[in-house]
Each structure stands twice: as C-alpha cells, then as structure tokens.
Amino acid sequence: MKAKLLFIPALLLAFICQSQESIDADAIEKIKNEGLNNSQVEQIAFELIDKAGPRLSNSKGYERAVNYAIDQLSEWGLENAEKEAWGEFGRGWEINKSYVAMTKPYYMPFIAVPKAWTEGTDGEVKGKVVFAEIYDEEDFEKYRGKLKGAIVAFKPRGDQAPTFEADAIRFTPERLKEMEEPRSGSRFTPDEIAAFRKRRAFSQTINKFLTEEGVALAIKGVNGKHGTLFTSSPRGYLKDTPEGVSELEMAPEHVNLMARLVENGVDVEVEAEVSTTFDNSDLQGYNVIAEIPGTDRKLKDEVVMLGGHLDSWHGATGATDNAAGCIVMMEAVRILQATGLKPKRTVRIALWGGEEQGLHGSRNYAKNHFGDHETMVLKEEQQKISAYYNIDNGTGRIRGIYLQGNEEVAPIFTDWFKSFEDIMDNTTITIRDTGGTDHLSFDRVGIPGFQFIQDPVEYRSRSHHTNMDTYERLVIDDLRQIAVIVASFVYNTAQRDDMMPREKLASTE
C-alpha cells in the first residue's frame, strides 16, 4: 500500500490548524460509489469527442456538442439547461477538404492541417516549393514581385530529434513537494515574453505580405515531432478580417525533408487543395448553462459553479483539451443527481465557448452577470457565488489544487481531500496561482475560482492543441477519479454553513 502524503506550504499551517469542517461522510461514499462503479464517463466522452467532432468555436461541431450537452443535462433532471449568448464572437468556419502531397522528386503524402479560419485554395494548386526566410522588414525586398501564384514554405523552429524521456508522465512526490512553495512572477522572463509578442506581431505582417504578393499557398512548419503537430490560429474569426492567403500547418519533419532537398539542389513540387467555408449567419458566442436547484430556504439563492471549456481546436477532436474537462463536469452533476443528494445551494454547471481565443465565454459571462473587472463595478449576483471549480489540464487525475493566493480556503480543502486518500496519492495544496483557463474570469471579479492540479500525462507532449488530441489520449480511470472529487467538492461547498472565504479585492483607485 502506498504512503499517502499531504504537501502543504508552511505558511498555510496556521490556517489549517483552525479548520473543523463538517463533512457528510455518507454523502461522500454515495458519490464515490456512483462515480466509480456506475460511471458514464465513456459514453459522455463518445458523444462529445467522436460524435460531435472538432469543436472550434461557432463551428458545426461546437453546435453539435452544445445540443448534446443541453439534451443530456435536461435528461438527467437539471433545470434551466440552455444555450446562453455571451456577446459577439465572430465567424464560423469549416474545413470541407484538405489534401497535400509532395509529387517531385517522388510522391509522398504529408501530414498537415489548415490553419483555423484560413481561406481555401480555390481548387487544386500544383507547383514548385519556394522556401522563404523572412525575419525582419528588410527581408521582404528579396521576395517582392516574385511570389505570385507560388507555393511558399517556412521552416519550423525547435528540435525534432529523438526523445529519450516518456511522453506520458505523472507528477512525482518530489515535483509535488516543489509545487507547494510560492512562485514569484511569470515562468517566462520579460525578454522571452517580448520576443514571443514580437514574433506573433511579425507573423501577421508576413501573412499580409504573402496575400498582397498573390501567393497560392503558404506551408508553415510548426512545433511538434513524431507526426504530432501543434495547431494555432490568427484572429480570422473576427467578422471584419480581410481575406488572406490559404495556409497549411505541416508536420515539421515533412517541411524539413523538403528544405533539405531544396538546399541540396533538388527541385521539390507539391500538389494541394484546401476548401473551407465561412459562416456569418450568427456571430454570437454561446455557453451552455444548467442548474441543480438548491433546497435550503435560506441558501438556495446562493450558487456553486463548476465548468470547463467546450470549444477545441480543429486539428483533432479535442479530447484532452478540453472535452475531458466537460466530461468530468457533466459526470459530476450526473453523480449528484443519481445519488439523490439535495444540495442546499444551487449547483450551476457552465460549459464555455471561445476559451481558445481568449477565455471569451467565461470572461463575458462574468462581465454580464457579476461585473466589470476593469472598473470593479460589481453586480449583486457576484455576492451570491460561493466558488467556481474548473478542469482544463487534460485527462490526468487530480493531485491537489491551486489556491490562487486564497490562504483561508487551505484548511477547508485539506479536510475535504482527506476523504480521498484511497484514490489520491501525495496531495498538494499550493498557494500558487495558475493561469490560462476559465477560473481566472471568476478570480478577477473577486469570486473564489480554482483549478485542480492534474497529472500532465501527455498533455504538453502529444495532445494539447495538436492533431493527435483524440479519444485514445484519455485515461478513463483518471476521469472517473476527477469526477468523484469534483462532485464532492461541489457538494461540500453547497452544504457549508458559510460561503467560501474570499480574498480582499484590490482597489482600482
């Protein structure tokens, strides 16, 4: 039997000693039994991943997932299940056809994905590949007037050499111990951040140049290896985006192959066809919202929220990013319904849209319901939300939680995690913030918002924003564990005498 360790920063121990949380052990056992022995995780996964398909915001796949979620949540007995508009997002976009292969000096099919919201090629294009090396404004002059109708390729950055470490990892006790300590500042240096922003801005300048020059197709080697490539997107979803060049993001090994051939004097030709469709019929963005009404006369107007983003990128079916989060959140509310437990406070699930383009769904939901984080002019509803729990770090099982600087919740979570020593190892509660996902939209308006610590598994190496983020990347047992813990945290939050402690809001003056 493995030893169970609880890693907690020393500065939190004083708070923890004050805790005496009242926990309904019978309720937690019911949640465990339902979630571990009668799980519907696999069926929900099939519906959201395989059946709905890629769920790019405002795409047909996203709409299929929205409709399934509303119907399923309603079938489980949740109330007020609906598609709620949060504001204008932009154009829908679909891939109708995508094909590319090298035809000279020999035939080879290539791995590539059209960049999100890219234009089509208007039929098949064929021709010689021209490699462009454009690193600053002066480099444009080397190619001006020479690229009309050309197929232009750009070499990838990064390293595609063999790897000698496992793609899939779990946090070690040592790594979890390290995570307990506060971390100051960003994990990126100011110079790294500035360089990234400069590259991003200049890439838009390059795209504008390629369009003006009349390039037929741009092929960009992207980050990745072993057939896995990481997709990305311009801001092409905005309704006023000008027409651009058709662009394929290609596996770096295939771009490197062409580059080596060209550099050694061998002509390379490719044939390709990209067909895409834009949809301007409904520019609104949507979230899915549903509720389990509270049962306590005094507390039912207060709300506990849980959620994850429903949208994905388009290169695969978005299994770990972030169908996994939606799967476990839907399973968590199903568990609460199936056990017959009656939360005192209302439980509200939210499946967000537009996260991948900037947390749009959750940010605008927070603005519409709770107030403006910039002015900190808050609405009455903000006072009614006890906490928000989020999952958006892949398929890996829960190993702890980020406190987002909220020291007072440490003793509460410490007591709650004790109920799961049979399904958790080396629990870590860290004062650290974590970013990049929807709990931030709540935290920034003064509502306790939390993201759980999850084992990485293959999230950074194989699945996050890649063409391999498919059903096979899921670890079903880990998802069952997540759903049980989330359901229990939500239930415990709903049953507390008091709402969850809040950090003091910073003054905007």
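Please read all numbers here as calculations on a predicted model, not as lab measurements. (Residues numbered from 1 in each chain as written. Predicted model: local features only at pLDDT ≥ 70, side-chain atom pairs only at ≥ 80, totals over all residues. Heavy atoms only, no water.)

### Points about the sheet that holds strand E8 (residues 217–221)
- The strand order across the open sheet formed by eight strands is E4-E3-E12-E6-E7-E8-E11-E5, and the pairing between neighbours is mixed. Of all strands in the sheet, those with a lone pairing partner are strand E4 (108–109) and strand E5 (112–114), marking the two edges.
- Pairing analysis gives four bridges linking E8 to strand E11 (residues 247–250), with the strands arranged parallel. Across the sheet, the residue bridging to Ile219 is Leu248, located in E11. (Pairing = 2+ DSSP bridges. Helix = DSSP H or I, 4+ residues; strand = E, 2+ residues; numbered from the N terminus.)

### Examining the nonpolar core
- Ranked by internal contacts, the top residues of the largest apolar core, which has 73 residues, are Met330, Ile349, Tyr389, Phe413, Phe417, Val486 and Phe489.
- Setting aside anything within four residues of it in sequence, one finds Met330 in contact with Ile44, Leu48, Tyr68, Ala69, Gln72, Leu73, Trp76, Ile349 and Leu351.
- Ala112, Phe131, Met258 and Val274 belong to the second largest nonpolar core, which has 22 residues in total. (Core = buried A, V, L, I, M, F, W, Y, C linked by side-chain atoms within 4.5 Å. Buried < 20%, exposed > 50% of the residue type's maximum accessible area, 1.4 Å probe, protein only. Contact = heavy atoms within 4.5 Å.)

### Considerations on the confidence of the model for the protein chain
- Confidence in the prediction for the protein chain averages 93 pLDDT; 94% of positions are at 70 or higher.
- The least confident element of the protein chain is helix H1 (residues 13–17), whose mean pLDDT is 48; the most confident is strand E15 (residues 346–352), at 99.
- Here residues 1–5 scores under 50 on pLDDT; set against residues more than four positions off or in separate chains, the count is seven contacts. (pLDDT = per-residue confidence, 0-100.)

### Focus: the side chain of Glu247
- Here Glu247 is to be found in strand E11.
- We classify Glu247 as buried; its relative accessible area is 4%.
- Apart from the residues lying within four places of it in its own chain, the contact partners of Glu247 are Val113, Pro114, Lys115, Thr118, Asn207, Leu217, Ala218 and Lys220.

### Remarks on the pairing of E11
- Here E11 shows no split at all, with Glu247 and Glu249 on one side and Leu248 and Met250 on the other all buried.
- Sheet topology note: the E5/E11 ladder contains three bridges and is antiparallel. Across the sheet, Pro114 pairs through a bridge with Leu248, a residue of E11.

### Section: the environment of Ala101
- Looking at where Ala101 falls in the secondary structure, it is placed in strand E3 (residues 92–104).
- Sequence-distant contacts of Ala101, that is, excluding residues within four places in its chain, are made with Tyr107, Met108, Pro109, Phe110, Glu269, Val270 and Glu271.

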